[in-house]
Amino acid sequence: MGLREFVSDAWSWLNYKPMMTTSTGLPHRALAPAARPGWLPPDAARRLAAYKILAAYDSNQAGELAVLTGNEAGGERREFGDAAAFVNTTLAHLLGRAQQIVAPGAEHAGDEEPTPEAVAAAEVQQRLRDWAEKELLPLRMQAAERKAVLLGDAVYLLAWDPEKARVRLRTLDPGFYFPVLDEDADPGDYPSKVHLAWEIPEAPARGTKARVRRITYELGPISAATRSTGAGRRDLVADGSGGWLLELGDVVHPETGRIERTYPWAERPSAVTCYLTDAEWELDDLRLGQQLDDLPMEKARFKTRTDGEVLDRLDLRIDFLPIVHLTNSVSDGEHFGQSALAPVMQALDELAESDTDSARASATTGAPIIGLAGVRTEVDRVTGRPRPLAVEPGTVFQLGDGGRMDVLDTSGQLAELRARVEEMRERAAVNARLPAVSLGTADPARVPSGYALQLSLGPLDSLVESMRLARAHKYALLLRFVQRLHQAGQAEGWPAGPATPVRLVFGPHTPTDRSAVLDEVVRAVGAAVLSLETGVRMLQESGYPIDDAHAEIDRIAAGKVSDTATGPVTSHPAGKSPASAS
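Reading the values: the criteria
Residues numbered from 1 in each chain as written. Predicted model: local features only at pLDDT ≥ 70, side-chain atom pairs only at ≥ 80, totals over all residues. Heavy atoms only, no water. Helix = DSSP H or I, 4+ residues; strand = E, 2+ residues; numbered from the N terminus. Contact = heavy atoms within 4.5 Å. Buried < 20%, exposed > 50% of the residue type's maximum accessible area, 1.4 Å probe, protein only. Pairing = 2+ DSSP bridges. pLDDT = per-residue confidence, 0-100. Phe/Tyr/Trp six-rings, centres within 6.5 Å; stacked < 30°, edge-to-face > 60°. Lys NZ or Arg CZ within 6 Å of the ring centre and 35° of its normal.

*Asks:* Can you break down the side chain of His93 residue by residue, with the values?
*Replies:* Looking at the element boundaries, His93 is found in helix 3 (residues 82-95). If we skip the residues at most four places from it in the chain, His93 touches Ser438, Leu460, Val464, Arg468 and His509.

*Asks:* Describe the pairing of strand 11 (residues 272-282), naming the residues involved and giving the relevant values.
*Replies:* Of all 11 residues in strand 11, 10 are buried; the element is thus mostly enclosed. Taken together, the 11 bridges between strand 6 (residues 211-221) and strand 11 define a ladder with antiparallel strand orientation. When the bridges of strand 11 are listed, Glu218 appears paired with Tyr275. Examined bridge by bridge, strand 11 and strand 12 (residues 301-302) share 2 bridges and lie antiparallel to one another. Note on strand 12: the bridge partner recorded for Ala279 is Phe302.

*Asks:* With reference to specific residues and values, describe the confidence of the model for the protein.
*Replies:* With 85% of its residues at a pLDDT of 70 or more, the protein has an overall mean of 82. The spread of mean pLDDT over the elements of the protein runs between strand 7 (residues 236-238), the lowest at 40, and helix 5 (residues 137-151), the highest at 96. Low confidence marks residues 230-245, where pLDDT is under 50. Its contacts with residues over four positions away, or in another chain, come to 27 contacts. Confidence drops under a pLDDT of 50 for residues 569-582, and excluding neighbours within four residues, the segment shows 3 contacts in the predicted structure.

*Asks:* Can you explain the packing of aromatic side chains? Please cite residues and give values.
*Replies:* Inspection of every chain in the model, using the stated rule, returns 9 aromatic pairs. Seen in terms of ring centroids, Tyr475 and Phe506 are 6.1 Å apart; in terms of plane orientation they differ by 75°. Their pairing is edge-to-face. Taken as a pair, Tyr475 in helix 10 (residues 458-488) and Phe506 in strand 17 (residues 503-506) lie far apart in primary sequence, 31 residues in all. Taking the relative accessible area as the measure of exposure, Phe506 reaches 13% and is therefore buried. Cluster of aromatic residues (ring-pair linked, three or more members): Tyr263, Trp265, Phe320 and Phe481. Across the ring face of Phe178, the terminal group of Arg47 is positioned such that the distance to the ring centre comes to 5.4 Å. When the ring centre of Tyr275 is taken as origin, the NZ or CZ atom of Arg313, which lies over that ring, is 4.1 Å away.

Listed below in structure tokens is the structure:
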């Protein structure tokens, strides 16, 4: 394997691959060919190599990657999408049938005398749902969550768009994400500085050299010497002390010179703001040892916005980084998450090898090797050697005395190899906590009972609960940032004040018996064991097309009042009016 020392980190489950750790201690050059100039942080090399290996498994290119790293036998590797099937199945159960933005307390806004808090929560909930519909949040979640399930990490980037007057949401490849982590800080703490960086290859046709682009978001003290932006405008006034320019609303303490600012969502002034820097460097301008966090600023070429603003420590007038890093697993002393394929990587390799051997055996079974004795073969006049015999359906061989034909039968080996393939597939599913019923490979007729089916889904339930737990806080943070950016942009309908706690609720990940739930609700509500509101919510969660529980309750109440006003409905014989029936 070429290991010089025992390596244990978030990606040590890939140490069994020689391409992951070479004799130099770094991954193979084919896994990060653009990272050799030196700007890439050393601690990011293994992470990016793991991302590339996982992406190769997902796209059935693991064999191709093995050939690039020196394993010529990898070219014969047969891959049939087992890794992608595991990822897609895990993603489907994680997200459920639908996702919904919920503000606690908003359900009481339809009461006869709702509290101001309930009304405010309902308004924020509706505004966020409208924003999610415009920004195609479910679609972007699909893209980000698939990266998180496959690679272990995903990144959301938020930005205020003054033209559309709303917050824009982007999903980024986690390979572009480079947080600057404090050694003394808790790995679960949010970093105060994040780089988004990638390498741009040279383009001789355009006359451009290879370069690296770095976008930096950094929290720092408010400075009067920097430019700022808020909702796409600059409101600058002189403070009368000889050239300093301050934003409207900023306060300078004469004794300390400290500048404070009261943000729309904060109750107390803050001395911190977020700075944005967007620049490029040519690789030829970088010296050995100059890494991502200390690139020479004197050789940087800064980007400019459409309005001509230079993106060099631009004050965004927010006190947080508009970046949300999503992890697939619950953090355990690591900032980055773990892929859903991590426990089954070696099983996937064994499965691919068994598939390859099975394909070879099926070739000799379908077109068997035949040995002939006592037959005269035709001789090639040029080479003087016997010509090979062609075996086709209907071929007849004339055998001499004592001649015979022997056929190599490999059907037994083929059956064993196919059994081995199924065994490895089942073992991989067990280790990935994806039971056969979730993968669609179980025969429903062979399930003894619904209780047995529920027990078989136990590992999947624990897997989904763990993955959703790792995401609960991150999505609450994202929705809080959306509220704050709308307040900073002074968007219509977003008043100042603390952000309302909002969470993202995932739908059920397993099928539900809707008719059984309906019978249970009818009996429980009729017996006054459950309230009508709870019953309607149970129907809503089981998949009934109920958008608003309170509106549905109002329609039910209106129907009861209408029936009471018109009196009981009396049936009459067919074709007769009430008068004729009497």
